[in-house]
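# Structure at a glance
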Amino acid sequence: MRGWTLAWMVGPLVLASGCRGSGTPPRSLGPAPRFAVGFCSRLAFDASRSYRTAFDDGATYGAAGAPRPIVVNLWYPAQPGGASMARAGYLPTGDDPATAPLLEALVRYERDVIGEELFDAPEAKLSAEQRAQFDAYLAAPTGCVRDAVPASGRFPLLLYHSGAGSSCEDDAERCEEFASRGYVVASSLFLDGDGESFGIDGGVDSVRDLGFLVAAARAHPFVARGRVGAWGHSAGAQALLRFAATPPAAHAASESAAADLDALALLDTTQDYQSLADPRWSFVAPVLAAVDEVDETLLFAANPHAFFAVGDALPRAERRYLTLPDVDHNEFIAQGVTRARLAAQRDPGSEEGQRAAHAAAMERALTDALLAFFAEQLQGDAAAGTALVALEENALAGPAPRLERMERGATAPPPWSPASGRAPSPRQLRPALDALDALGAPALIAALEERRAGEPENPVFATPWFAYALLFELVVRDRVDDARALLAWYRGLHGERPVDFLASQLALSEQLGWASYVPLARKVGRALAPERPEWGAADEATGDGG
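## Focus: the confidence of the model for the chain
- Across the chain, pLDDT averages 89, with 90% of residues at or above 70.
- Note that residues 2–28 has pLDDT below 50 and, in this model, 76 contacts with residues that lie over four places away or in other chains.

## Observations regarding the pairing of strand β8 (residues 297–302)
- β8 sits mainly inside the fold: six of its six residues count as buried.
- Across five bridges, strand β7 (residues 263–267) lies against β8 in parallel orientation. Bridging across to β8, Leu264 finds its partner in Leu298.
- Looking at chain direction, β8 and strand β9 (residues 318–323) are connected through six bridges and run parallel. Considered in β9, the bridge of Ala302 is made with Thr323.

## A short note on helix α9 (residues 334–346)
- With 13 residues, α9 extends 19 Å from end C-alpha to end C-alpha; this agrees with the ideal 18 Å at 1.5 Å per step.
- Burial analysis of α9 places 10 of its 13 residues in the buried class, which makes it a mostly covered element.
- Those residues of α9 not exposed but buried are Ala334, Gln335, Gly336, Val337, Thr338, Arg339, Ala340, Leu342, Ala343 and Ala344.
- On the buried face of α9, the contacting elements are α2 (100–119), α3 (128–139), α4 (172–180), α10 (351–354) and α11 (356–379).

## Considering unusual backbone geometry
- We note that Asp268 has phi near 50°; this positive angle belongs to a residue other than glycine.
- Among the structural elements, Asp268 can be located in the loop between β7 and α7 (284–288).
- The phi torsion at Phe308 lies on the positive side, around 50°, for a residue other than glycine.
- The residue Phe308 is located in the loop between β8 and α8 (309–312) in this model.
- By relative accessible area, which is 2% here, Phe308 ends up buried.

Definitions and limits used
- Residues numbered from 1 in each chain as written.
- Predicted model: local features only at pLDDT ≥ 70, side-chain atom pairs only at ≥ 80, totals over all residues.
- Heavy atoms only, no water.
- pLDDT = per-residue confidence, 0-100.
- Contact = heavy atoms within 4.5 Å.
- Buried < 20%, exposed > 50% of the residue type's maximum accessible area, 1.4 Å probe, protein only.
- Helix = DSSP H or I, 4+ residues; strand = E, 2+ residues; numbered from the N terminus.
- Pairing = 2+ DSSP bridges.
- Expected span 1.5 Å × (residues − 1).

Written out as structure tokens, the structure is:
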């Protein structure tokens, strides 16, 4: 997702040197690899929807009423034998002349996205050194065999949805590993429904594509009809929440193809770090409007300064909040780890190059946690569930992943008290702000300051991007005096970085035309730093007087 990344919404990461190279959890968190892995891919069509490449007026695909094309990729447990497929085999292929222009255009698009994700440049603009790495990357053997004979038996189904601007193989290593543990993994390209680009849709068409994938996968005799899991990254995680909030019968063209999910893993949705007062995430409204539909078990994975406001608003779901220290947005998937490794090969002394060991350790830790989560939820593996519970003992923002559990019916974490002797977590501080009328901002700040020396890595103190989100929410809720008091304290910790981040979000939102955020950002800016020119003149006609 680096070419169209939402990582700027998360905030730049402040690297903690003590976390680099940290150990991974024991490999007992999920079932051991048992199977060889097969891969198959085909271009299918959903006749209930039409599709047209609007970016070239239908020249690539889209005669009147042309059905929506859906690439169906499957990783599955297979019988041993056969030559490993090269990574280029993940790019779309087909032998129908009628769809050849579409597939050729998709391959060009995918190759450019891979270039952007790994090297910040499309294929044609790679340097000679980058080009050599690019070619080696696509020629390298994968962990699977194309069209291998399936293993005997029927296996639970997992769906994977990639993030905005991603390539189709961005988490292929994880897909391969899950298949080796006894799952069938189904994924697709999730093309933008309006045909303006080949980027993912992330909305209604993604929801219907996911339902189509379930039906397509279940047509194979090796796919079990039982419980279904899914994981997604960034905008793909957002799409999965929309899928969960959609009545099962609406997932596909026919009710017989309908499927409900049982377990969802949501990797760095990017909204995890923001208040519900921030309007930039379009998936939030439809999900919160259908909270009764979301009754799955959800695992959110993010950095420790996340406060998971959407998760807390879904009381019918059982929720697990997994936090991993200092993980870049794309390092929640395999492609981000590959990027760091390739950067280290080109320039071992670079900041990005130095991330490679830590990125690999955290990706391993996340994969192990996901294996345990799905083993517990889909296969009834009690030992895997016990291993997950052990992660609840780890410290917030410590070197190892930490898990926090929210039972069904709960809408807030256990309350924090200044008398507890501990600092609040990001999730606890926000509800504590509601008690400011009784406690008072000076008393709250004094209690926080008293605990800062003992917990300096706690995101409440250490992360300016959390400070930004907290201050934004307070001002939008018209608690300006409280926000100003907290800003004065945060300036002692972070200088102007929370306000600078607000200014960067405003500038980007103006560039992208996100009209709902702009007046709110100006209101917050004028309340917190009225001397700065970025906020412009107050506009009483739009209620933007702050």
